[in-house]
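In case you want the letters, here they are:
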Amino acid sequence: GEKVVQKEKEGLGKAVLQHTGREVDLDVEAAAQRLEWNHAFDTFLVPAALEVLKNTTGRKIKFAIDLQRKPKEETAPYIYAKKYHGLCELDLSPLLESDVTSVEIRCPVGPAADFETPTQEQLDEAGVAPERDQVLHDAKGTNPYLLAESYLLIKISTVRPITLPAAPPKAPLPRVSAVLPARPPVPKFVPEAGGLEHLRFEVRNVIMEILSEYSAEANANLMSEKEGWEAGKLHMLNRLNTTGKYHDFKVRLKVSIAKLVRERFHSLSFGLVELDPVSELAKLNSIVREEAHTALTQEFIVRRPVEDSAEIRVKALEREMKLAIEAEDLMDYPKAMLHLQKRILIDPGSPALWVDLGCVTMRAQDTAKAEECFRRAIALGGMYVRAYLAYGVLLCERDRYPLAEENFRKATQIAKNDVLSWALFALFFDMESNARARQDCVSMMREAERKANPNGASQSIYSRAARFAVDLYASQLVEHAMTQELETTGDSVELREILGRLYLYNGQYEKARLLLDEKILGTVKGVDAANNPTRDTKVQPAANVKSAVAMTTMAHTHFMEQRWHTYKSERPVPPVKDIVTWYEKAMMPSMKPPNITAQQFFRMARIQIATKKYQDASETMKRAVRFQPSSMAYLGLATAIYHHPHSGHLEEAEEALQDAYKLDSHCPQVSALTSVVCLAQARAAGAGTFYQSKITEASTALKQALMDGISTHESFPTGGTMLEQAALLFHELAGSSADGNSIPCYADAASALRRAVDSIDLEAVEMLLRIHRLHADCSELLNDQQTLIDSLERVVELLMPEEPTKGLGDLKQPIKDALEEVYTKLVHINKQSSNHERAADYEKKIKILSAPPKSPRRNY
């Protein structure tokens, strides 16, 4: 009796309708009105017919059932035949599931293709009273099956499963190690350490042993004597001498130093290099001091408390996410994806990280990689709604609608109260012209809205779905949503903002400008407190329509249209127009609310620095630092300060670069500009210890920049690239150096110039000439003849891209002078390297250049 009562309380449960995902209460179904047909029949399928059924069902082909309503005894045509003509499309895929022999399918009934309601004239002619109809949301007609939410229940059973269960897996094979006989392991080969490594090892071991003795003696005498540490020192020295450890330390260090000296003498003697005993002793002393200092620092440094590993991971994830957002703001998608991949390495099991990477990859127009990321996120989590939504949007853009429907449905099943999921699902069915399924999704979305915010105003499904899709650059979904929004609620500021962003992302700048113009925005409908278009069609003055988002999008449109995002130091400065003005308008406090992002500050400063408005750029970057401190914000501030000379500007720029380095220690532009600032400080110092330390810092920073991938693509380009500026300063300081440091400076300058040549536009002839001439000068001073020849020949190619048709004598005089100078150097270098044939060719060209021009021939 208790079991029966409990079963009655539990009920029959619920079932899901095909295509719509709507749940049906089976208790209500059992008591509801119905029509039953005695259409049960048995049949036998031959193997060929069974294969056709499996292939057809597997391709998601629907099985149509036609429903018609006709009177039994009337012979005249039934006037409501088309109104009650229904269509039901069954999906028999549940039959293909493994080991299934019986299924119940519930499928909604909708109108057939010829659905229509009779007109009043047809009713009067037939003498039939009109039925009472209800008008649907679109006012296009009434369908009784949709109003009654009718569905068809069909039961299908088979004698045996169509898809047999998978065979059990075979037993795993034994491991190779278990089959082969065991043998003793071979000792790992450890190469012998060099002299320098051996010396460092011994120095550290000796210092550690001395420190352990010192600590033991001091701790033993600390309580008995007033000055315990000093007494411990005396006891320690006495103990080392009496036990023979002091002598042992000296012997170990002597062996290591002798080994290092032998190695160095052996390697240098073959190069005919004379050893300077004083210099070699100084170097050995420096090595020992450095190792001693490092060991003591590691022993006595204040140890920080060990952070929790989970806390470290969270901080690392936040840091990489900030750097990824910063890189995307600068449209550096490869760098943004690199930081997002680092986040995945930190936490590879998080589906949210894969979705973040997929979204950025999709915005970078790499849809194949984005699909891979979304599928990986779904495989990892299975319950992460945003993965299914983003994947569904991507599939719609790739015209793979059946798979997109599955992902949207899965999202609504996982989160039944997620408003965005139902909005995107409704938009999908709207694109598929499935009115019944769309209406069900809208109803579920409204119910989810009421649960989430009972007193809030409902929002349009189209604008809600479009705001998500526009962030993924999904053109089809956004354009369809905004078209439907325009038809249902009319024009609005929000509609124009979303479409303006879409046209901006797609490169349709003229369309974006027309949509976002202030005069045109003044002709759209007003908005209520929830930013929804009002039903009032009264036109507002342009002065009253102030959309900060629209102003920002307008500024971005001008920025992209004038190609500011591709500007480099070697290219002409693009037109400025009103870009900065639009950004400033959007960020004004009078805008309610203002629209402020880090990207706006970056782009304003990029324009101001390129147009040499360094003071304005400095103020802009200070605002950016206050708004959101980042490595790029401090880099822009340092760039503006460095190029705006004033008292203490080098120190201010260095301080900003230090802050940038703390936030991103592997930013190549920060390291390159640090090198430039340090060289400027060394030039200002002239000589001394500070001068030498700054030269060393500059060299280290440049090497770090080259290692991190510095190029001429800069976030805040100026009249010259950072690499060229660093090379010029290194070259200048090497020329004025009097303490033997010129060779390292020339080497650093050559390294910077080699990297600059690799990334400069081939059309930038003037900059390439400067760099190749400077590189040739450095190579000559470094005695690098092959690089010198290559640089000079490249200068010749730039001065004379094509061989003149009338000979070298026809060139202009400045070009002839420059070519003669280069040819003279090439003759001298080729003679030094015994390449006399090549030198003779250049000498002939010099004679042609030096020959006086021929006088025009006269006929008498």
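Okay, so let's go over this structure. (Residues numbered from 1 in each chain as written. Predicted model: local features only at pLDDT ≥ 70, side-chain atom pairs only at ≥ 80, totals over all residues. Heavy atoms only, no water.)

## A short note on unusual backbone geometry
In step 1: Its identity is not glycine, yet Glu-149 carries a phi of approximately 55°, on the positive side.
In step 2: By the element assignment, Glu-149 lies in the loop between helix H5 (144-148) and strand E7 (151-157).
In step 3: The backbone of Met-331 shows a phi angle near 60°, a positive value even though the residue is not glycine.
In step 4: Note on placement: Met-331 falls in the loop between helix H11 (309-329) and helix H12 (333-346). (Helix = DSSP H or I, 4+ residues; strand = E, 2+ residues; numbered from the N terminus.)

## Here's the deal with helix H18 (residues 435-452)
In step 1: The terminal C-alpha atoms of H18, which comprises 18 residues, lie 26 Å apart, in line with the 26 Å expected from a rise of 1.5 Å per residue.
In step 2: Those residues of H18 that sit buried are Arg-436, Ala-437, Arg-438, Asp-440, Cys-441, Val-442, Met-445, Ala-448 and Glu-449.
In step 3: Those residues of H18 that are buried lie in contact with strand E5 (102-108), H5, helix H17 (419-431) and helix H19 (461-470). (Expected span 1.5 Å × (residues − 1). Buried < 20%, exposed > 50% of the residue type's maximum accessible area, 1.4 Å probe, protein only. Contact = heavy atoms within 4.5 Å.)

## Considerations on H17
In step 1: End to end, H17 covers 19 Å across 13 residues, agreeing with the expected 18 Å (1.5 Å per residue, within 8%).
In step 2: Extensive coverage of H17 is indicated by the burial of 11 of its 13 residues.
In step 3: One or two residues past the end of H17 sits Ser-433, with phi positive at roughly 60°.

## Brief notes about the nonpolar core
In step 1: Ranked by size, the top nonpolar core spans 176 residues in total, and within it Phe-374, Val-393, Phe-408 and Tyr-823 carry the most contacts.
In step 2: Of the residues forming this core, the biggest block, 10 residues, is contributed by helix H15 (residues 385-397).
In step 3: Excluding residues within four positions of it along the chain, Tyr-823 makes contact with Val-796, Met-800, Tyr-842, Lys-845, Ile-846 and Leu-849.
In step 4: Formed by 19 residues, the second largest nonpolar core is a distinct cluster that contains Leu-53, Cys-88, Leu-95 and Cys-107. (Core = buried A, V, L, I, M, F, W, Y, C linked by side-chain atoms within 4.5 Å.)

## So, the packing of aromatic side chains
In step 1: Considering all chains together, one arrives at 12 aromatic pairs under this definition.
In step 2: Taken together, a centroid distance of 6.5 Å and an interplanar angle of 70° make the contact between Tyr-80 and Tyr-84 edge-to-face. This pair shows no difference in class: Tyr-80 is buried, exactly as Tyr-84 is.
In step 3: Each ring, one from Phe-408 and one from Phe-425, has its centre 6.4 Å from the other, and the planes form 40°; the classification is tilted. Taken together, the residues span a long stretch of sequence, with Phe-408 in helix H16 (residues 401-414) and Phe-425 in helix H17 at a distance of 17 residues. Considered together, Phe-408 and Phe-425 belong to a single accessibility category, that of buried residues.
In step 4: Through a chain of ring-to-ring contacts, the aromatic side chains of Tyr-401, Phe-408, Phe-425, Phe-428 and Phe-429 assemble into a single cluster.
In step 5: The side chain of Arg-69 reaches across the aromatic face of Tyr-84, ending 4.1 Å from its centre. (Phe/Tyr/Trp six-rings, centres within 6.5 Å; stacked < 30°, edge-to-face > 60°. Lys NZ or Arg CZ within 6 Å of the ring centre and 35° of its normal.)

## Overview of the side chain of Glu-724
In step 1: Along the chain, Glu-724 turns up in helix H32 (residues 722-735).
In step 2: A polar contact is formed between the side chain of Glu-724 and the side chain of Arg-770, at a distance of 2.8 Å.
In step 3: Once residues lying within four places of it in the same chain are set aside, the contact partners of Glu-724 are Met-767, Arg-770 and Ile-771. (Polar contact = N/O pair within 3.5 Å; in protein donor to acceptor, adjacent residues only side chain to side chain.)

## Remarks on the packing of H12 against helix H13 (residues 351-363)
In step 1: As a packed pair, H12 and H13 sit with axes 9 Å apart at the nearest point and diverge in direction by 170°. Taken together, H12 and H13 sit at an angle that is classed as roughly antiparallel. In this structure, H12 contributes Tyr-333, Ala-336, Met-337, Leu-340, Gln-341, Arg-343 and Ile-344 to the contact, and H13 contributes Leu-353, Trp-354, Asp-356, Leu-357, Val-360, Thr-361 and Arg-363.
In step 2: Counted by class, the contact of H12 with H13 contains nine nonpolar, two polar and three charged residues. (Axes fitted to C-alpha atoms, helices over the stretch in contact; angles between N-to-C directions. Parallel < 35°, antiparallel > 145°, perpendicular 65-115°, else oblique. Nonpolar A, V, L, I, M, F, W, Y, C, P; charged D, E, K, R; others polar.)

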